[in-house]
Protein chains: 2
Amino acid sequence: MRALYFDGDVARVTSIAEPESFPDSALVRVSLAGVCDTDLQLVKGYMDFRGVLGHEFVGTVCEGPGELLTRRVVGEINFSCRSCALCKTGLERHCPNRRVMGILDADGAFAEYVRVPIANLHPVPDSVPDEAAVFAEPLAAAFEILEQVDVGTGSDSLVLGDGKLGLLIAQVLRGAGARVRVVGKHPEKLAIARRLGIETVLRDDYRAEPMSLVVDATGRSDGFECAAAAVKPRGTIVLKTTVAVRAEIDLAPLVINEVQVVGSRCGPFPPALRALEDGSVDVASLIHERVRLTDALEALRIAETPGALKVLIEAG
Amino acid sequence: MRALYFDGDVARVTSIAEPESFPDSALVRVSLAGVCDTDLQLVKGYMDFRGVLGHEFVGTVCEGPGELLTRRVVGEINFSCRSCALCKTGLERHCPNRRVMGILDADGAFAEYVRVPIANLHPVPDSVPDEAAVFAEPLAAAFEILEQVDVGTGSDSLVLGDGKLGLLIAQVLRGAGARVRVVGKHPEKLAIARRLGIETVLRDDYRAEPMSLVVDATGRSDGFECAAAAVKPRGTIVLKTTVAVRAEIDLAPLVINEVQVVGSRCGPFPPALRALEDGSVDVASLIHERVRLTDALEALRIAETPGALKVLIEAG
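Predicted model, so just to flag it, every value in this text is computed and none were measured. (Residues numbered from 1 in each chain as written. Chains lettered and ligands numbered in written order. Predicted model: local features only at pLDDT ≥ 70, side-chain atom pairs only at ≥ 80, totals over all residues. Heavy atoms only, no water.)

A. Molecular detail of the packing of aromatic side chains. All told, the structure shown has two aromatic pairs over all chains when counted by the stated rule. Ring plane angle 40 degrees and centroid distance 6.2 Å describe the contact between A:F22 and A:F79, whose orientation is recorded as tilted. Residue A:F22 is found in the loop between β2 (11-15) and β3 (25-34), and its partner A:F79 is found in strand β7 (residues 78-79); the two are separated by 57 residues along the sequence. Under the relative-accessibility criterion, A:F22 is labelled partly exposed at 22%. A:F79 sits in the buried class, given a relative accessible area of 5%. Between B:R99 and the ring centre of B:F22, over which it is positioned, the NZ or CZ distance is 4.8 Å. (Phe/Tyr/Trp six-rings, centres within 6.5 Å; stacked < 30°, edge-to-face > 60°. Helix = DSSP H or I, 4+ residues; strand = E, 2+ residues; numbered from the N terminus. Buried < 20%, exposed > 50% of the residue type's maximum accessible area, 1.4 Å probe, protein only. Lys NZ or Arg CZ within 6 Å of the ring centre and 35° of its normal.)

B. Local environment of the sheet that holds strand β9 (residues 105-106) of chain B. All names here are of chain B. Reading across the sheet, the three strands line up as β7-β8-β9 and stay open at both edges, with mixed pairing between neighbours. Among the strands making up the open sheet, the edge pair consists of β7 (78-79) and β9. Bridging between strand β8 (residues 99-101) and β9 involves two bridges; their strand directions are parallel. What sits directly across from V100, in β9, is D105. (Pairing = 2+ DSSP bridges.)

C. Focus on the relation of the copies chain B and chain A. The operation relating chain B to chain A is a screw motion whose rotation component is 180 degrees, with 0.0 Å of axial translation and a residual RMSD of 0.0 Å. Taken together, the rotation and translation relating the two chain copies correspond to the operation of a two-fold axis. No C-alpha of chain B approaches the rotation axis more nearly than that of B:E248, which lies at 2.1 Å. The share of interface residues of chain B whose copies in chain A are also at the interface is 100%, consistent with both copies meeting through the same surface. (Least-squares fit on C-alpha atoms with pLDDT ≥ 70 in both. Contact = heavy atoms within 4.5 Å.)

D. Quick peek at the domain arrangement of chain A. Residue and element names in this part refer to chain A. Per the domain assignment, the segments making up chain A are domain 1 (2-135 + 283-314) and domain 2 (141-263). Of the residues lining the interface, 12 residues belong to domain 1; the matching set on domain 2 comes to 13 residues. Together, the buried faces of domain 1 and domain 2 total about 1100 Å²; carbon and sulfur atoms form 59% of this surface. The salt bridge partner of E144 is R93, with a shortest N-O separation of 2.9 Å. Linking domain 1 with domain 2 are three residue pairs in polar contact (both at pLDDT 80 or more), by the criterion used here. Class assignment for the residues of the side of domain 1 that touches domain 2 results in six nonpolar, three polar and three charged. (Domains from an automatic or database assignment. Buried area = accessible area lost by both parts, 1.4 Å probe. Salt bridge = Lys/Arg side-chain N within 4 Å of Asp/Glu carboxyl O. Polar contact = N/O pair within 3.5 Å; in protein donor to acceptor, adjacent residues only side chain to side chain. Nonpolar A, V, L, I, M, F, W, Y, C, P; charged D, E, K, R; others polar.)

E. Seen up close, helix α6 (residues 187-195) of chain A. Residue and element names in this part refer to chain A. Within the span of α6, buried status applies to K189, L190, A191, I192 and A193. Packing partners of the buried residues in α6 comprise α5 (164-175), β13 (179-184) and β14 (199-202). Looking one or two places after α6, you find G197, whose phi comes out positive at around 85 degrees.

F. Up close: the sheet that holds β14(A). Ordered by their spatial adjacency, 12 strands build an open sheet running β14(A)-β13(A)-β12(A)-β15(A)-β16(A)-β18(A)-β18(B)-β16(B)-β15(B)-β12(B)-β13(B)-β14(B), and the pairing between neighbours is mixed. The sheet is open, and its two borders are formed by β14 of chain A together with β14 (199-202) of chain B, each paired with just one other strand. Taking each pair of neighbouring strands and ignoring which way they run, the sheet shows an average axis angle of 20 degrees. Packing against the sheet, α5(A) makes contact with β12 (156-160), β13 and β15 (211-216) of chain A, and its axis sits at approximately 170 degrees to β12(A). α6(A) rests against β13 and β14 of chain A of the sheet, and its axis sits at about 165 degrees to β14(A). (Axes fitted to C-alpha atoms, helices over the stretch in contact; angles between N-to-C directions.)

G. Seen up close, the nonpolar core. By size, the foremost hydrophobic cluster in this structure holds 47 residues, and its most contacted members are A:V74, A:L139, A:I169, A:L173 and A:L276. Elements that contribute at least two residues to this core include exactly α3 (130-133), α4 (136-148), α5, β13, α6, β15 and α9 (269-278) of chain A. Two domains each provide a minimum of three residues to this core, namely domain 1 (2-135 + 283-314) and domain 2 (141-263) of chain A. Those residues in contact with A:L276 that lie beyond four places of it in its chain are A:V128, A:A132, A:A133, A:A136, A:L139 and A:V283. Counting 46 residues, the second-largest nonpolar core is a separate cluster that includes B:V134, B:V151, B:F269 and B:A275. (Core = buried A, V, L, I, M, F, W, Y, C linked by side-chain atoms within 4.5 Å.)

H. Inspection of unusual backbone geometry at higher detail. Residue and element names in this part refer to chain A. Positive phi, normally seen in glycine, also occurs at M47, with a value near 70 degrees. With respect to the secondary-structure elements, M47 resides in the loop between α1 (37-42) and β4 (51-52). Among the residues examined, M47 registers a relative accessible area of 33% and is labelled partly exposed. The backbone phi angle of R82 is positive, close to 60 degrees, even though this residue is not glycine. The residue R82 is located in the loop between β7 and α2 (85-88) in this model.

I. Summary view of the interface of chain B and chain A. The interface is formed by 38 residues belonging to chain B together with 38 residues belonging to chain A. Taken together, chain B and chain A are joined by two salt bridges. Across the salt bridge formed by A:R234 and B:E144, the nearest N and O atoms sit 2.7 Å from each other. Where chain B packs against chain A, one counts 11 residue pairs in polar contact (both at pLDDT 80 or more). When contributions to the side of chain B that touches chain A are tallied by element, the ones reaching two or more residues are α4 (136-148), α7 (223-230), β16 (231-239), β17 (247-249), α8 (252-256) and β18 (260-263) of chain B. Looking at the side of chain B that touches chain A residue by residue, the classes come out as 19 nonpolar, eight polar and 11 charged. Alignment of strand β17 (residues 247-249) of chain A against β17(B), held across three bridges, turns out to be antiparallel. By the bridge assignment for β17(B), A:E248 is matched with B:E248.

What follows is the structure in structure tokens.
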């Protein structure tokens, strides 16, 4: 099959064997896959990954249990052992033995086919088109914040970063009843947020006005310090940025202001699929371009362009 | 009156005017005061403080409202405005207009007399001797953790640091039902914890065994990274260390493991006084030496000695 394969040095579209079967897995024919900033980091050496890239996808089960066969599905990316202490306490996403699709020891979805544990698959409601379903994974990551933090109705929140994830998070927080403001540096991305009824501020015009909840979705190494400067005493910072570099940080203000910092990664798919079904989160406006799998390298290049939003790879 | 005054350059015991009155304050004749590591930082330039040092004290009200006159009292250190938005939501300890006794714009308790807002004073139960009451402030800071984190019965916790605060925190966590282990580098301090029935590990022998709750009370700039290495996925780090230097930190593990970091500073006095009254927290074993106010400089010197515990200054 055709796939975008990263050999640890170079990423190229090439022909490789179809994914090998493993216990309790299904084979999914990929329809659409999304490029995430993590993919861009991986080809720079993050996680020391080798294999097929891609962890955001929608596809059709072509080999697997009867109830899933021919169903359109999306899939959670953490392949956990389901037997360790963490798995047994419901923290499968933190399984120390996990493989992670397209990120850690498991091939990903920038390919014609991908193998996924059956337990990780979620059928897509008929009314949700592929172009929306492919956002299930990053949208679930946005919903993770609601699992971790009590986002009260009317609470004041700030999202730092107007990228794909920032714009999803802003919508999720608003849906939870928070007053939301997005700070970003791209007028055209902030315009998308405004069209969705979300208040925005251009970064250069932003003057810190401390908020109860600040989400760092900048993807930048200075995102944390920007968040620390923007949060109220006893407020909460949610960290969504994973940057491979170390940052020099002054922790004293966290202690003095008794700030809470919450690291946040993957999230629950069911609320994400419900939001795509009921239209409470808009993803159509986040699609930047669609590229065929043959041109997947070009997809990465476009995704890296300043100002780019979600680039989709058509595998089907 | 006699006081330990820091002029921004040199700390010396000297004779200064008695504290000036301010609205809704009481004059307290200090009996005993405790040296905190923050005092040692202040004379090195932290907070750019000038004035009388000291923020842990017990004394007797000699000028103030009738119901407090002649009463033994301890006092909260944050002098808040009681009118701003934070004060009105019960976050007086985070008042942006606050002065802080012996730390920020307010004279402290290494003196014969100290002035304190009446609202900050707490009468000391008769059964609690001065030698115990003087620990109310740092013990309240230990109890602050219970206000911020749900320390469940049987939860596994690790206290990094066997100093004064670490040994108080370990006792408070154990009192809340947690299983507690203290990691430290001073065999004689760890022996105190063991005599109180708390499990200990010498730092050199410590092998990370991830815990749900890790408290950094090391007072060292690498305390945070040690805590990050010792916490379980989805676990909590409580930061008690305020260090004036910036640390180079890798935030990615916080995000990947969805760790929660909680900055923690001053705490509630009532539970601290109750614990001193019912004896559930032992402080007698934390007293290192008593020094007269005349020799307060020597008290700072002793407090800085490696291995020193609480040095008390006799002002009365």
